[in-house]
Structures are given as structure tokens and as C-alpha cells.
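A structural walkthrough
Given next are the chains, with one letter for each unit.
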Amino acid sequence: MDLLNIINNLLKIIGDWIYGLVHGLVGNLLVTDLITMGLAAIILCTFAALSFMGLTYAERKIVARIQDRIGPNQAGPFGLLVPIADGIKMFTKEDTTPTAADRWVYNIAPLVIATAALTAYAVLPLAPGVVGTNLNVGVVFTIAIGSGSVVAILMAGWGSNNKYALLGAFRTVAQLIGYEVPMLLNLIPVVLIAGSLSLVDIVNVQSTLNGSPGIPFVLYFPVSALIFLISGIAETARSPFDLLEAESEIVAGFHVEYSGMKFALFFLGEYVNALAVSFMFATLFLGGYNGPIFPPYVWLLIKAAAVFTILMWLRGTLPRIRVDQMHTMNWKFFVPISALNLIILLLVAKIFQPGNAAMPWVTPGVQAMATAITTLIPFLAGLSIASRRLRSQRDAAEALAETRRAANRAAVTTSMGGAH
Amino acid sequence: MTITLQTIIFALLSVVVLGSALFVVTTRNLFHAALMLILSFFGVAGLYVLLESGFFAVAQVLVYIGAISILFIFAVMLTRGMVAMPRVNAQAQLAALVSVLLFVVIVVIVNPTALSIKVLPGASERVLGGIPWQFTTVTTITDSYIKQFGASLVDGSAYLLPFLLAAVLLDIALAGAVQVARERRPAEVLAERELMAAEAAEEQQREQALDTAPETVLAADHH
Amino acid sequence: MEQGILNGIPLHFFLIVAAGLFCIGLYGVLGRKNAIAMLMGVELMLNAVNINLIAFWRYVRPETPAALAFVAFVFVVAAAEAAVGLALIISVYRNTKSVDPEKLDQMKF
């Protein structure tokens, strides 16, 4: 029993021990708080950076297997030393600065992106009682920090003194701020049912504490979870939304002029952001650290890893989408569907609220089923309408191209017939 | 007055806010001005946190830094002139004087009574400025202020109407901004220029007619 | 607790900072030759107003949300005005290739 208790509360026990240690060394409570907070920040950042290393390796291997090849296997057994090789490569590359680039802006941009990516981990609940800081506005904080990285992208694009970097930065920013809208709209149902903006409260509602039903929010709002996940992928500019750093197209976009350690920081920012999106999805929709047998932090890691595997799966499978397709999907499909969902959800969640005296058979499970079904209907309807429209557009374009080709063929044969 | 950690943080944040604001209004490079504006907004968000209203700190970052600053940067990029423009206009010194005067006046007024200025020291105890802040016994607040605020926004007898009006305002601003800043297609641009040329020609005709035969033009106007 | 002091910061400190920000914004609006720089001054002034509102809310009447509603509406109005103002500036720039407001003193270009 004692060992089980220790394993379940391992993080909390370690945290309390460190706190006691520092308090013993320094008598002042304020200074103890500051020092332990600083240590916690360092540990979180180290965790994020180490997981970045493991993630690059896992991504390359998994995407390779999806694409029917092996992936890196030369550096170390099974290619396990690849992240270290990558790190050495990044460190030893020459650190160039373009002439006539704005020194301050050019140099600070990667720092801002890395900082913004790492700050999102501060409000993540890792285990019961283990959270960087229990902000009562944790959800909005994460989104706000995400918009901080948007500014850094503009700084990078402008500071490079390069027209293509600037254009790439503009397009990237258009994508990022466009996909913030469905992300926020689809967070609102979660906040509605949980009754609080704090991530700790949201995770507690999805557990069986205090009589809460213990239903993960993905069963309440499958459509919102899906759109949130897709918006999250678009926010981090990962494939299939990586049109703006596509090496074959716009020459790596806004970070074309960066090399060496600064590029490594951009790279780190992208992966840390993707991992943060996975953690957010796991916390908001999949129930955070709740789970039956394993310790809580293990459950959180399993869920986040599962979400990240989905991200890698999408990267290996789907082709890159075009910029106009991406904007069409966002503004003409996601935003109306999210708004419509929100209106329907407000009504249904209020009608089927548990604790309603008039309808005592309404339990949270019933509420979950009602919200799920009533939001799936407009989503599927919208999908079918959109796909039918797009198919008819595609057919019309194809017919047009076919007539042109037939005319071409006719012209060629007449000219050839005339020549003979 | 005791110096706590919050006092030090407040001093640092004030320096950040005011320093970057000064940079914004005195620099020639508009992109740097936009970046310093972002820094100022961050500082103001920090001040909101000191005032124990964390929700508005996050809202400030989300709205001002996440949206308005990006608008500013886009506008700066799209309106880069070919000629380097002078930084200040003709009334800049007067504007600076007015600003400093206003600042002095406000500072004198908001000081609490204990620090107010005696106009005529000695005989009569007239004070200049000074507001009795003794009514402020600062109570502690809990986090329920967000819930109260949200409830007041949908309460018919509270702020529901301004809330809906604000939503309508945002809709109109969105539609208007998109329409005004829209990139005109070449056909549209030519049509606009034709229209402007036609109006200019008509105006010129009217001027000529006024010079030669003013009575007929004014009579025609009255109909 | 001392009167008018929260965590070691008296109320008038916040008001002085807000006044300073307001006056800097005022100089930006009145003394600059570029329309976008003038708009930046306006944003600074609106921020100063917000600081004032929240400071008074916290120190004097934290139990009513009246000031918070005002703050929210100032956010909304600032965003809407920045959007429309910048759209207008971009449109004017397209037609006259300059963003100097002193050149726009006629009702036509």
C-alpha cells in the first residue's frame, strides 16, 4: 500500500521534498517560493527540450515506416543517437546574419518563439496537485501565449531583410490568426460544462472527484474536439498545413535566413508547440491525468503520446494542402460550423442539465449523449453539403479542362492535316 | 510605506510601460515602434496582474498583442513610403508642452491629501489638489469576480444591451474594414478613376459657367 | 491594513502611471506626422484609461462588476477602431501614396 501510494504521488513527493530542502537552506518564505518556482520552471523546460529530442527521432522513424522505408538507422543502434547528431549539427553550423538585417529584431525572434512555446507548459496539470501555476484563466492563457509566437514570426520575417521571408511570414501569420478563431470557439463548450477557465478544474470535472461524472469531454463534444485538434495542427504549422515552410515551394518561408542555433530554436519551437497542443487536447478533451490503474502522470503521457501519434500519422499520410484550400476550409467551413455548434450546444446543454427537477432522468451521461448527437448532425450535414459542392466544382473544372483539351487536339490534327 | 516584492515589480513594470511608450512616440522606424508598442502592452498586462484581475491581463494579451498589434504591423508593411518622412510635425513642441502640463496637473490632483501642495504656505492652509483616499479600505477579493462580471453581461438590468451593441459594433467594424481595405480588381480601379474624372470634369464646367454667367447657374441650382 | 494600499502599492501610483501613459499617447497623437503613428498614440491612451478603470475598481469597489464592463467595452472599441482606422489608412495610401494626415485637408484627393 505504501509503495503504491509513493508511486502514485511520486511527483508531489519529489516536489515537497525539494521545497523542504530549499526552505531548510533559506529561511525566508518569499525567497524559498521564488527559488522553487525557478527550479520548477527549469525542470519543465528541460522536460520539454528532452521530449523534443525524443519526438524528432520518433517522428522520423514513424513517418518513414508509413512511407515504407526504414528511417535513420546509422547513428547508433536503431538510429537512437540521431537527435544527438542533429544537435551537434545545429551547434556547429555557421551562425550567419544577413547584411542590412535588423540585428536586434533578427536575433530576438527565435528566443521569443521558443519562450512562447515553453510558457504554455506552465499551466498544465501533470498530476493531482502538481501544476506549474493554477491560473484561474489557464485556458485563455494558453491561447494568448500562442498569439505571442505569431508576433515573433513577423519579427523573423521582417528582420531577415528578405522579400521571400517577409511574404512567407505574412502568409504564416494569416494562417495562424485564422485558425485561432475555431480554436477559441471550440474551447467554449468545454468551459461551459466545466464551469471554470482553470485547467485544474477542467481535469477535475472529468474525473470522479466530488461526484463529478468522470466522462471525458471528447464524448460530450466530438465535433468540437475534432475541430480543436485540426486547428491546433494548423496553429503549429505542421503538415498537412506546413505549406509555408515547404522546402520545395517558398524556400522554407520565414526562417530562410536563419541557420545554426537560431534555426534549431525555431525547430524546437515547432515541436514543443505540437507537443503542447497534444497535452492541451489530452487535458481538455481526454480527461487529463485521470485513469484507473497507472499513476496519473503516466496516463497523461500516454494520452499525449497517443495524440502526437495521430499528428505524426497525419503528417505521413496526407498531402500538403494549398493556401486557398486552407483558408476556404477555415472561414467557410470551420467557423460557421463552430458557431452553429455553439448555439446548439448552449440550448441542449441547458435543456439537458443534470439536477433539473422537471426531468430527473437526466444524468451527465444523458447530457453527454444529447450534446454529442445534436452537434454531430449539423457537422455531418455540413460535411456532406461541402463535399457535394466541391465535387460539383471539381467536375465543372474538369469538364472545362476537357473541352479545352479536345479543342487543342482538334487544332493540332487540323494543322497537321493541313500540313500534309 | 513598506517596500514589498509587489512594489519592486510595479516599479519595473512602470519603467517598461512608460519607456517603451516613449520609444513608440519618438522613433522614426515604424516597425520598431510597433514592436515597442507590443512591449508596452505586455507591461500593461503585468500591471493588470498586479491589480489582481488576471482575466483582463490575458484578455489584453489576446486582444491587443494577438490582434491589434498584428494589424499595426501589417499596416506598417503595406504603407511603406518611398521617401523618408520627417518624424514630427510643426506643432510637436507645443504638443510636448501640453502633454507635460497635463501630466503635472493630473499628478497634482491625484495625490492623496497627505501629499497635496499647500498653495500659500504658512498663513492659510489652502491645499492644491489632494483627494481623500481614506475611504479606500482595500478588501480582499476572490476569483468570483469573473463569474459576477459574466453574469452582469447577460443580465437584462445590467449590461446586456451594451454587450449586444458591442457585438454589433464589432460586426460592422469587421465588414467595414474588409470593404474599405479590399484590393480592387483592375476593372474596378478603372471604373473608379473614370467616375472621379467625370466628376472633376463636371466640377470644372461648373466653375467656368459660374465665371461667365453666374445667374443662370444659381437659378438652375434652385430647382 | 493601511488605507489605500494594496500589497504595498498605493492607489495613486497606478494613477500616475496611467496619467503618464495618457500624456505620452497624447503627444503621439498631436505631434507625429504619420497617421499610423497617431493611431499608436490613440491605443496608448486607451490603455491608460483601462489601467485607471481597473485600479479604481480594485481599490474602491471590487464587489461590483461595473468598472469591468467598462473595461471590456473599451477593449472592444479599441479593437474596432484600430481595424477601421488602419483599413482607412491603407485605402488612403493606395490612392495618394502618402500617409501624412496634413495632406488630407480637402474633401478629395
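Procedures and definitions
- Residues numbered from 1 in each chain as written.
- Chains lettered and ligands numbered in written order.
- Predicted model: local features only at pLDDT ≥ 70, side-chain atom pairs only at ≥ 80, totals over all residues.
- Heavy atoms only, no water.
- Helix = DSSP H or I, 4+ residues; strand = E, 2+ residues; numbered from the N terminus.
- Buried < 20%, exposed > 50% of the residue type's maximum accessible area, 1.4 Å probe, protein only.
- Areas by Shrake-Rupley, 256 points an atom, 1.4 Å probe, with all protein chains shown as cover.
- Lys, Arg positive; Asp, Glu negative; His and termini not counted.
- Charge placed at Lys NZ, Arg CZ, Asp CG, Glu CD.
- Domains from an automatic or database assignment.
- Contact = heavy atoms within 4.5 Å.
- Buried area = accessible area lost by both parts, 1.4 Å probe.
- Salt bridge = Lys/Arg side-chain N within 4 Å of Asp/Glu carboxyl O.
- Polar contact = N/O pair within 3.5 Å; in protein donor to acceptor, adjacent residues only side chain to side chain.
- Nonpolar A, V, L, I, M, F, W, Y, C, P; charged D, E, K, R; others polar.
- 1 Å grid on protein atoms, 1.4 Å probe; cavity = no way out; pocket = protein on both sides within 12 Å on 5 of 7 lines; lining within 4 Å.
- Points joined across faces, edges and corners; volume = space filled by probe spheres on them.

1. A closer look at the overall build of chain A
If you tally the helices and strands in chain A, you get 14 helices and 2 strands. Its C-alpha atoms put chain A at 100 × 65 × 40 Å along the principal axes. Counting across all 420 residues of chain A, residues that qualify as buried make up 44%. Just so you have it, chain A exposes about 21100 Å², and 70% of that area is on carbon and sulfur atoms. Each charge class in chain A can be summarised by its mean position, and for the 25 positive and 22 negative side chains these summaries are 8 Å apart.

2. Quick notes on the domain arrangement of chain A
Residue and element names in this part refer to chain A. Along its sequence, chain A is carved into domain 1 (1–89) and domain 2 (93–404). Look at where the C-alpha atoms of domain 1 and domain 2 centre, and you get two points 23 Å apart. Counting residues at the interface gives 21 residues for domain 1, matched by 27 residues for domain 2. Interface area for domain 1 against domain 2, summed over the two sides, is near 2000 Å², with a carbon-plus-sulfur share of 77%. Taken as a group, Phe52, Leu55 and Glu59 account for 27% of the area that domain 1 buries against domain 2, more than any other trio of residues on that side. Counting across the interface, domain 1 meets domain 2 through 2 salt bridges. When the shortest N-O distance is used, the salt bridge between Glu59 and Arg238 registers 3.0 Å. The tally of links between domain 1 and domain 2 comes to 4 residue pairs in polar contact (both at pLDDT 80 or more). Among the elements of the structure, helix H1 (2–8), helix H2 (10–25) and helix H3 (29–66) are those that each provide at least two residues to the side of domain 1 that touches domain 2. Among the elements that make up the side of domain 1 that touches domain 2, the one with the highest residue count is H3 (14 residues). Class assignment for the residues of the side of domain 1 that touches domain 2 results in 14 nonpolar, 4 polar and 3 charged.

3. Points about the interface of chain C and chain B
On the side of chain B, 88 residues touch chain C, which itself brings 74 residues to the contact. Note on chain C versus chain B: buried area summed over both sides is about 7500 Å², and carbon and sulfur give 76% of it. Where chain C touches chain B, the interface holds 1 salt bridge. As a salt-bridge pair, Arg58 of chain C and Glu52 of chain B come within 3.0 Å of each other at their nearest N and O atoms. Sort the elements by how many residues they give to the side of chain C that touches chain B and helix H3 (residues 66–96) of chain C lands first, with 22 residues. Its residues assigned to classes, the side of chain C that touches chain B shows 55 nonpolar, 12 polar and 7 charged.

4. Focus: unusual backbone geometry
The phi dihedral of Asp68 of chain A is positive, around 65 degrees, even though this residue is not glycine. Following the sequence through the fold, Asp68 of chain A ends up in the loop between H3 and helix H4 (82–92). In this structure Asp68 of chain A comes out as exposed when scored by relative accessible area, which is 73%. Here the phi dihedral of Glu52 of chain B falls at roughly 60 degrees; this positive angle occurs in a residue that is not glycine. Position of Glu52 of chain B relative to the elements: it lies in the loop between helix H2 (30–50) and helix H3 (54–78).

5. Observations concerning empty space enclosed by the protein
Residue and element names in this part refer to chain A. Scanning the model with the defined rule gives 1 cavity of 30 Å³ or more in all. Roughly 40 Å³ of volume is contained in the largest cavity. If you go around the largest cavity, the residues you meet are Ala120, Tyr121, Leu124, Thr142, Ala276, Phe279 and Met280. Ranked by the residues each element gives to the lining of the largest cavity, the list is headed by helix H11 (residues 261–284), at 3 residues. A per-class count over the lining of the largest cavity returns 6 nonpolar, 1 polar and no charged.

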